[in-house]
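# Coordinates in review
Spelled out, the chains give:
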Amino acid sequence: MPAKNKNSKSSKKGRAKAKRGVNQALVKSLAHELRAEILAILNERMASPNELAKELGEGLSQVSYHVKVLKDYEVIRLVKTEPRRGAVEHYYRATSRAYLTDRDWHALPKSAREAMSADLFQMVLDDVVASLEGQLFDEREDRHMSWTPMMVDERGWKEINGLLDATLKQVLKVQSTAVKRLAKSKEEGINMSVAMLGYEVPEKAAKKAPKRKAKGKGKAKAKAKRK
């Protein structure tokens with residue numbers, strides 16, 4: 001434990017203020033659609049601007065510029081360099097998994113939020129398709145899949161989204177503990193994806209929700225047939 005000093009109270013206040021504040025570096029780094037896409041890739045693996053440009057179908061100079069911006073915001077870092085045909089290729093990775101608080105999310109322009117939502121949803125779809133094609137989606141009998149259309153009021157909306165946020169924190173905590181166990185054991189890891197969505201739907205889509213038959217009506221019909 002570090003020794004206490006006269007500035008301990010002020011340092012605590014500073015940490016509390018930083019915790020409550022908005023992660024401006026992350027918000028600014030995600031405010032551009034291409035930067036958001038680059039950061040999403042670098043959250044998953046290491047890559048160079050050249051590799052990113054090919055994967056995203058963008059110009060190398062444009063990608064290199066946005067990689068530099070992300071580096072300046074300190075949300076990515078240089079992890080290694082390799083000689084390539086008389087030049088040096090730089091490889092980057094995200095400094096930490098991009099996690100936006102409610103404050104951060106509200107600070108983003110609507111266009112950036114829409115782009116990030118579309119990208120994230122596409123990533124979930126690609127993940128599911130890959131799992132289905134690899135015949136892994138239904139390989140395990142204990143995998144979870146649910147869809148629950150419902151009607152709620154404003155309070156219910158906030159309570160459910162609060163539960164989803166709390167669940168995400170627990171999921172990340174479990175993952176962190178599992179990674180430590182894997183590092184100590186010889187057990188082979190399991191590639192797993194967890195997707196949670198809580199969103200508003202238009203009236204037309206809501207009407208498509210399957211209606212459950214009342215048990216009472218079913219019994220009445222059965223009795224009528226017996227007669």
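To keep things clear, this report deals only with the structure shown in the data block. (Residues numbered from 1 in each chain as written. Predicted model: local features only at pLDDT ≥ 70, side-chain atom pairs only at ≥ 80, totals over all residues. Heavy atoms only, no water.)

## Side note on the overall build of the protein
Put simply, the rule is: Numbering of helices and strands starts at the N terminus; helices are DSSP runs of H or I of at least 4 residues and strands are runs of E of at least 2. For every residue, the accessible area (1.4 Å probe, protein chains only) is compared with the maximum for its type, and the residue is labelled buried under 20%, exposed over 50%, or partly exposed between those bounds. Residue contacts are counted whenever heavy atoms from the two residues lie within 4.5 Å of one another.
Secondary structure assignment for the protein yields 10 helices and two strands. Reading the protein from its N terminus to its C terminus gives the helix and strand order α-α-α-α-α-β-β-α-α-α-α-α. Here the protein holds 227 residues, and 16% of them are scored as buried. For the protein, the proportion of contacts with a sequence separation of at least 24, taken over those separated by at least 6, is 56%.

## Some details on the packing of helix α3 (residues 33-44) against helix α5 (residues 60-72)
For the record, the criterion: As a rule, the C-alpha atoms of each element are fitted with a line to give its axis, helices using only the stretch in contact, and angles between N-to-C directions run from 0 to 180 degrees. Each angle gets one of four labels, with under 35 degrees taken as roughly parallel, over 145 as roughly antiparallel, 65 to 115 as roughly perpendicular, and the rest as oblique. Any residue that is not Ala, Val, Leu, Ile, Met, Phe, Trp, Tyr, Cys, Pro, Asp, Glu, Lys or Arg is counted as polar, Gly included; the first ten are nonpolar and the last four charged.
Orientation of α3 relative to α5, taken along the N-to-C sense of each, is 75°, at an axis distance of 10 Å. In terms of their interaxial angle, α3 and α5 are classed as roughly perpendicular. Counting all contacts with α3, which are made through L34, R35, I38 and L39, the residues of α5 involved are Q62, V63, H66, V67, V69 and L70. Grouping the constituent residues of the contact of α3 with α5 by class yields seven nonpolar, two polar and one charged.

## As for the pairing of strand β2 (residues 87-94)
Let me state the cut-off plainly: A pair of strands is considered paired only if DSSP assigns at least 2 bridges between the two.
Where strand β1 (residues 76-84) and β2 come together, eight bridges link them in antiparallel fashion. Directly across from P83, in β2, lies its bridge partner V88.

## Re the nonpolar core
What counts here: Buried Ala, Val, Leu, Ile, Met, Phe, Trp, Tyr and Cys residues form a nonpolar core when they are joined through side-chain atoms within 4.5 Å.
With 22 residues, the main nonpolar core has L30, I38, L39, L42, L52, V67 and I76 as its most contacted residues. Contributions of two or more residues to this core are made by α2 (24-30), α3, α4 (49-56), α5, β2 and α7 (110-133). The element best represented in this core is α3, accounting for six residues. Ignoring anything within four residues of it in the chain, the contact list for I76 reads L39, L42, V67, L70, K71, Y92, R93, A94 and T95.

## Side note on the packing of aromatic side chains
Inclusion rule: A pair of Phe, Tyr and Trp rings is counted when the ring centres sit within 6.5 Å of each other, with Trp represented by its six-membered ring. The angle between the planes then sorts it: under 30 degrees is stacked, over 60 is edge-to-face, the rest tilted. Only when the NZ atom of a Lys or the CZ atom of an Arg is both within 6 Å of the ring centre and within 35 degrees of the ring normal do we say a charge sits over the ring.
Tallying each qualifying case throughout the model produces zero aromatic pairs. Directly above the ring of Y91 sits K80, whose terminal nitrogen or CZ lies 5.1 Å from the centroid.

## Remarks on the side chain of R35
For the record, the criterion: Asp and Glu count as negative and Lys and Arg as positive, but His and the ends of the chain are not part of the count. Salt bridges are defined by distance alone: a side-chain nitrogen of Lys or Arg within 4 Å of a carboxyl oxygen of Asp or Glu.
With respect to the helices, strands and loops of the structure, R35 is situated in helix α3. Within the buried set, R35 has no salt-bridge partner at all; the shortest N-O distance to an opposite charge, 9.6 Å, is to D72. Once you skip the residues sitting within four places of it in the chain, R35 turns out to touch K28, S29, H66, V69 and L70.

## Some thoughts on the pattern of salt bridges
Evaluation of the coordinates by the stated rule reveals eight salt bridges. Between D72 and K68 there is a salt bridge, and its shortest N-O distance comes to 3.1 Å. On the criterion of helical spacing, the pair formed by D72 and K68 is a turn pair, its members being four residues apart in helix α5. In this structure K68 comes out as exposed when scored by relative accessible area, which is 51%.

## Remarks on α5
Put simply, the rule reads: In a helix, the anticipated span is given by 1.5 Å times the number of residues less one. An arc is given here, and it is the one of the directions from the helix axis to the C-beta atoms.
Compared with an ideal rise of 1.5 Å per residue, which puts 13 residues at 18 Å, α5 spans 18 Å between its outermost C-alpha atoms and is within 8% of the ideal. When α5 is considered as a whole, its buried residues turn out to be V63, H66, V67, V69 and L70. Burial along α5 is one-sided: seen end-on, the buried residues are contained in an arc of 155°. Turned more than 90 degrees from where α5 packs its buried face, S61, Y65 and K68 sit exposed. Once α5 finishes, E74 follows within two positions and takes phi at roughly 65°, a positive value.

## What about the side chain of H66?
With respect to the secondary-structure elements, H66 resides in helix α5. For H66, a relative accessible area of 5% gives the class buried.

## Description of unusual backbone geometry
Phi at E74 is positive, roughly 65°, even though this residue is not glycine. Within the element layout of this structure, E74 appears in the loop between α5 and β1. Given the relative accessible area of 63%, E74 is considered exposed. Phi is positive for R85, close to 50°, though the residue is something other than glycine. With respect to the helices, strands and loops of the structure, R85 is situated in the loop between β1 and β2. Residue R85 is classed as exposed on the basis of its relative accessible area, which comes to 90%.

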